[in-house]
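# Overview (structure and organization)
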Amino acid sequence: MIYLNDNPLSADPIVSSPGHIKRFYKKHRFWKATIRIIILSSLIVLCIFYFFGPNVEWKSISDFNYSKDANFMNYLCSNQPESQLLLLEHQKVEGYNFFDEVDTIIPDEVWNNLPVKAAYYMIVRNEDLLDSRSVIKSMEDHMKNGTRYPWVLLNNQPFTSQFKKYIRKVTNAPIFFGRIDLRTWEYPYWIDVPKAEYLMLEQGLSHSIHKGISLSYHQLLRYQTGFFFHHPLLRDVEYTWRVEPGADYSCHMDDDMFMYMKENNKSLGFALTMKESRATIPTLWERVNEFKELYPEYILPSTATIYPWIYDKQKNFYNRCHFWSNFQIANLSFFRSEAYQKYFQYLDSTGNFFYERWSDAPVQTIAAALFLKKEQIHFFNNIGYSHSVASHCPYNETLLQKCSCDINSNYDFHRGSCTKRLLELIDPDTLNDMYNFIRKKNITMSIGIK
């Protein structure tokens, strides 16, 4: 007899029996279900391990020629095409693709006709377009051949195409638009954020510290102190001229300032000095002294430096004098040196760029007093410069013929300036010119040389 569920060609009566068929069918279903469960479980484990496993990095796997496996897992676990996975958030939303790509290198050919690898650099935001155009135009108008060195503009946000378009209209020099690495801009991991936010509120509300309440200002000051010179766009740059949005230049500049710095072995150039507010740096000097004890090998003898200019012997404390660094021409080898790097890292580890309101001006000035010889610092009396509350106008009749500034508004003659005492150390001849000029112009002492 042939059963309907049997193979009619089978001659084996045992194989053809109804009981065997039922057992075989149950076994077949069991193994089929088991295999499906195993496959499904394996895929789930792989997906979980892929996304949450602490020791698995698919990027490193793809580096070992397993990119197909990695791409397969990407697709398997997310069910999205690879092209979609590589897009950033704003690229996936219609109408948000109005930001251009950022620049990351200055091409070698830019340096072909330049005597020094140097650049003007400015940290700026899109909303500062007018102030940025104004200062670039001011420099273009007062330089003999315009600003022929490249411009490097940095932003912690993407530059808009409109910003780039209108900046390019005010200069023929090469311009590069870079993005600040947010890992150097945001809070570092060791910062107690609630504490920092509370103290910043206190700085602004209780102590009336200028921009003490602004997180972005704290971030800017920290970045200017310890990170800007590491930006990829400045990788091959030897000297930088820091430019501040809204600043103004008032004297014609016939000389190449970068060439002067290089030929005369200068590391830091300034035009203005002033005193820092006590409330912004209550513990800075203590931390500096701790650094000096830990790393005495980096500290130059005080007699060879401008250290006597910043040190108050009577009070055994920092007198708060500093270079006003929003105009600064610098040899980047100073900031990139081992001594400066150790110094910044130590100060940064305290968290006081956020807990207090330490800024680049006093921190860099103290570094110059510790690590540079006084011959490496230069006073640019020939540059007419103004920004916000202070201005410098040359005290020299010959230089003034090329300037449009008001000598009577010169901050160097103000009690808050520290320039006179610094010139005693680094440039006595210019100090004599200052005194002679004051007498000739009958500038009253009430303005306050002190």
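The text that follows walks through the structure, step by step, so that each part is easy to find.

What counts and what doesn't
- Residues numbered from 1 in each chain as written.
- Predicted model: local features only at pLDDT ≥ 70, side-chain atom pairs only at ≥ 80, totals over all residues.
- Heavy atoms only, no water.
- Helix = DSSP H or I, 4+ residues; strand = E, 2+ residues; numbered from the N terminus.
- Buried < 20%, exposed > 50% of the residue type's maximum accessible area, 1.4 Å probe, protein only.
- Contact = heavy atoms within 4.5 Å.
- Areas by Shrake-Rupley, 256 points an atom, 1.4 Å probe, with all protein chains shown as cover.
- 1 Å grid on protein atoms, 1.4 Å probe; cavity = no way out; pocket = protein on both sides within 12 Å on 5 of 7 lines; lining within 4 Å.
- Points joined across faces, edges and corners; volume = space filled by probe spheres on them.
- Nonpolar A, V, L, I, M, F, W, Y, C, P; charged D, E, K, R; others polar.
- Phe/Tyr/Trp six-rings, centres within 6.5 Å; stacked < 30°, edge-to-face > 60°.
- Lys NZ or Arg CZ within 6 Å of the ring centre and 35° of its normal.
- Pairing = 2+ DSSP bridges.
- Axes fitted to C-alpha atoms, helices over the stretch in contact; angles between N-to-C directions.

With that settled, consider the overall build of the chain. The helix and strand tally for the chain stands at 19 helices and 14 strands. Burial statistics for the chain: of 450 residues in total, 46% are counted as buried. Relative to all contacts within the chain whose residues are 6 or more apart in sequence, the contacts with residues 24 or more apart total 76%. In the structure as shown, the chain presents an accessible area of about 24,700 Å², 54% of it carried by carbon and sulfur atoms.

This paragraph deals with empty space enclosed by the protein. Here the structure, examined in full by the defined rule, presents 2 cavities of 30 Å³ or more. Quantified by volume, the second largest cavity comes out at close to 30 Å³. Lining the second largest cavity are Ile105, Ile106, Pro232, Leu233, Arg235 and Asp236. A class-by-class count of the residues in the lining of the second largest cavity yields 4 nonpolar, no polar and 2 charged.

The next point concerns the packing of aromatic side chains. Scanning the model with the defined rule gives 47 aromatic pairs in all. The interplanar angle of 80 degrees and the centroid separation of 5.2 Å between the aromatic rings of Phe228 and Phe229 together place this pair among those described as edge-to-face. Here Phe228 matches Phe229 in class, with each residue buried. Considering the side-chain rings of Trp285 and Tyr318, the 5.6 Å spacing of their centres and the 20 degrees angle between planes classify their relative orientation as stacked. Of this pair, Trp285 sits in helix α11 (residues 284-294) while Tyr318 sits in strand β9 (residues 317-318), and the two are 33 residues apart along the sequence. The ring of Tyr355 carries the charged tip of Lys195 above its face, separated from the ring centre by 4.3 Å.

The next point concerns the sheet that holds strand β5 (residues 248-249). Sheet architecture is open: 3 strands sit in the order β5-β13-β14, paired in antiparallel fashion. With partners counted over all chains shown, the strands left at the sheet margins are β5 and β14 (390-392), one partner each. Taken together, the 2 bridges between β5 and strand β13 (residues 385-387) define a ladder with antiparallel strand orientation. Residue pairing for β13: Asp248 is matched across the bridge by Ser386.

What follows deals with the side chain of Gln376. Inspection of the secondary structure assignment puts Gln376 in the loop between α16 (360-371) and β12 (377-379). Look past the residues within four positions of Gln376 in its chain and what remains in contact with it is Asn265, Lys266, Ser267 and Leu268.

In this structure, the largest pocket encloses a volume near 1,000 Å³. Forming the walls of the largest pocket are 42 residues, and the residues nearest its centre are His210, Lys211, Tyr217, Leu221 and Glu244. Within the residue set of the lining of the largest pocket, elements represented by two or more residues are β1 (118-123), β2 (151-155), α9 (215-226), β7 (273-275) and α16. Counting residues per element, the lining of the largest pocket draws most heavily on α9, which supplies 5 residues. Taken together, the residues of the lining of the largest pocket sort by class into 17 nonpolar, 14 polar and 11 charged.

This part takes up the sheet that holds β2. Strand order in the open sheet formed by 7 strands is β3-β2-β1-β4-β11-β6-β12, and the pairing between neighbours is mixed. The sheet is open, and its two edges are formed by β3 (175-179) and β12, each paired on a single side. Neighbour-to-neighbour, the strand axes of this sheet turn through a mean angle of 20 degrees, independent of strand direction. For strand β6 (residues 268-270) and β12, the ladder comprises 3 bridges, and the chain directions are parallel. Residue pairing in the sheet places Leu268 in a bridge with Ile377 of β12. Its contacts with the sheet place α9 against β1, β2 and β4 (239-242), and it is angled at close to 165 degrees to β1.

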